[in-house]
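What follows is each chain in one-letter form.
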Amino acid sequence: MNQGFFLLFAAASVITALTVVLARNPVHSALALMACFLPISAIFVLLEAPFLAVIQIFVYVGAIMVLFLFVIMMIDVREAVLQRFLPGGNLPALALLVLLGGEMLVLVLWSDRFSVTEPVATRTAGDIRQLSTTLFADYLLPFEVASVILLAALVGAIVLARKEPG
Amino acid sequence: MVPLWWHIVLGAVLFVIGAAGVLLRRNILVVLMSLELLLNSVNINFIAFGHYYDDFRGQIFAIFVIAITAAEVAVALGILVALVRNKSTLRVDDVTMMKG
């Protein structure tokens, strides 16, 4: 049952990810990216992380994709549609990709550490209350640093996208 | 139950697809979207390991990755808007102003 759902969502996310990379029109890429995040959040639900699934939909589908679509509407993307890939020597990049993917697959399938089928300890990780306690007690400093980074990004984005004064 | 390595393989496949988009595509917007794909494939790994080894830190790291991604996208799109205003191009291979 779970395996069937996982395979369904994984196939959907891989197909839409390929659409992101292969689509001619950037608008199609953005919509395919949105369609790719939804099955991934479903996989988070299967992994008993419902909070992360909701965060994923809020932040990626709700905020980031709207940002992308706004920028696509602001600038003229018609002339960029003509050629999808970088011209000329893509061979080193392709070789690097094949090497990287082959290496990761070989390492994952070779090792027997990844063959766990059941969670190894008692189940507590589905509890959102405990997650938030850990986040706000043990990881308070990284949390505050992340909020400062978000503030810096906010100010930086406004300064960068503003028209030059005078 | 789903074995752990299925999740890891899914993360690896999405990572390679995203890396292909970053390395091969010509449009800067699609390169940024492929970066999102890369970060998301890493999140799958974090949450899968956190689930199978019963540790909250996977989910907490994933929350931080999502926050940093939001910041990164905001700054990158700001730079993109400034670039289009100054140079009026969306091609990666046209932006060579810093090449000596």
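Residues numbered from 1 in each chain as written. Chains lettered and ligands numbered in written order. Predicted model: local features only at pLDDT ≥ 70, side-chain atom pairs only at ≥ 80, totals over all residues.

Let's talk about the overall build of chain B
Check the secondary structure of chain B and you find three helices and zero strands. For chain B, the N- to C-terminal ordering of α and β elements is α-α-α. Against the globule reference of 13 Å for 100 residues, chain B gives a C-alpha radius of gyration of 17 Å, more extended than a compact globule. When each of the 100 residues of chain B is scored for burial, the buried share is 54%. Of the contacts formed within chain B by residues at least 6 apart in sequence, a portion of 44% connects residues at least 24 apart. (Helix = DSSP H or I, 4+ residues; strand = E, 2+ residues; numbered from the N terminus. Rg over C-alpha atoms; globule rule 2.2 N^0.38 Å. Buried ≥ 20, exposed ≤ 12 C-beta atoms within 10 Å, placed from the backbone. Contact = placed C-beta atoms within 7 Å.)

Describing the overall build of chain A
Helix and strand counts for chain A come out as six helices and zero strands. The order of α-helices and β-strands along chain A, N terminus first, is α-α-α-α-α-α. For 166 residues, the compact-globule estimate of 2.2 N^0.38 gives 15 Å, and chain A exceeds it by more than 25% at 21 Å. Looking at chain A as a whole, 22% of its 166 residues are labelled buried.

Looking at the environment of B:Leu77
Mapped onto the elements, B:Leu77 comes out in helix α3 (residues 57–87). By C-beta crowding, B:Leu77 is classed as buried, having 22 other C-beta atoms within 10 Å. Separated by 24 residues in the primary sequence, B:Leu77 and B:Tyr53 have C-alpha atoms spaced 37 Å apart. Once residues within four sequence positions are removed from consideration, B:Leu77 is found in contact with A:Leu67 and A:Val71.

Looking at the domain arrangement of chain A
Many analyses report the size of an interface as the accessible area lost when the parts associate. The domain architecture assigned to chain A consists of domain 1 (1–82) and domain 2 (127–166). When each unit is reduced to the centre of its C-alpha atoms, the spacing between domain 1 of chain A and domain 2 of chain A is 23 Å. (Domains from an automatic or database assignment.)

As for helix α2 (residues 28–52) of chain B
All names here are of chain B. In this model α2 runs 37 Å from its N-terminal to its C-terminal C-alpha over 25 residues, within 8% of the 36 Å that 1.5 Å per residue would give. Burial of α2 is extensive: 19 of the 25 residues sit out of reach of the surface. Just downstream of α2, Asp54 is the residue with a positive phi angle, here 50°. (Expected span 1.5 Å × (residues − 1).)

Comments concerning the environment of A:Val59
Residue placement: A:Val59 occurs in helix α3 (residues 50–74). Between the alpha carbons of A:Val59 and A:Glu118 there is a distance of 30 Å; along the sequence they are 59 residues apart. If near-sequence neighbours (up to four positions away) are discounted, A:Val59 is found in contact with A:Ile64, B:Ile66 and B:Ala70.

Observations regarding the interface of chain A and chain B
Facing the 74 residues of chain A at the interface are 63 residues of chain B. Going through the elements one at a time, α1 (2–22), α2 (26–46), α3, α4 (91–110), α5 (128–137) and α6 (140–161) of chain A are the ones with two or more residues in the side of chain A that touches chain B. Considered class by class, the residues forming the side of chain A that touches chain B number 56 nonpolar, 14 polar and four charged. (Nonpolar A, V, L, I, M, F, W, Y, C, P; charged D, E, K, R; others polar.)

A look at the packing of α2(A) against α3(A)
All names here are of chain A. Interhelical geometry of α2 versus α3 gives an angle of 175° and a closest axis separation of 8 Å. The angle between the axes of α2 and α3 places the two elements in the roughly antiparallel class. Taken together, the residues of α3 that come into contact with α2 (itself represented by Pro26, Val27, Ala30, Leu33, Met34, Phe37, Leu38, Ile40, Ser41, Phe44 and Val45) are Pro50, Leu52, Ala53, Gln56, Ile57, Tyr60, Val61, Met65, Phe68, Leu69 and Ile72. (Axes fitted to C-alpha atoms, helices over the stretch in contact; angles between N-to-C directions. Parallel < 35°, antiparallel > 145°, perpendicular 65-115°, else oblique.)

Points about the nonpolar core
Membership of the largest hydrophobic core comes to 64 residues, with the highest contact counts inside it found for A:Val20, A:Leu33, A:Ile43, A:Phe44, B:Met33 and B:Ile47. Those elements giving two or more residues to this core turn out to be α1, α2, α3 and α6 of chain A together with α1 (4–24), α2 and α3 of chain B. Residue contributions to this core reach at least three from each of two domains, namely domain 1 (1–82) and domain 2 (127–166) of chain A. In contact with B:Met33, other than residues within four places in its own chain, are A:Val20, A:Ser29, A:Ala30, A:Leu33 and A:Phe68. (Core = buried A, V, L, I, M, F, W, Y, C linked by C-beta atoms within 7 Å.)

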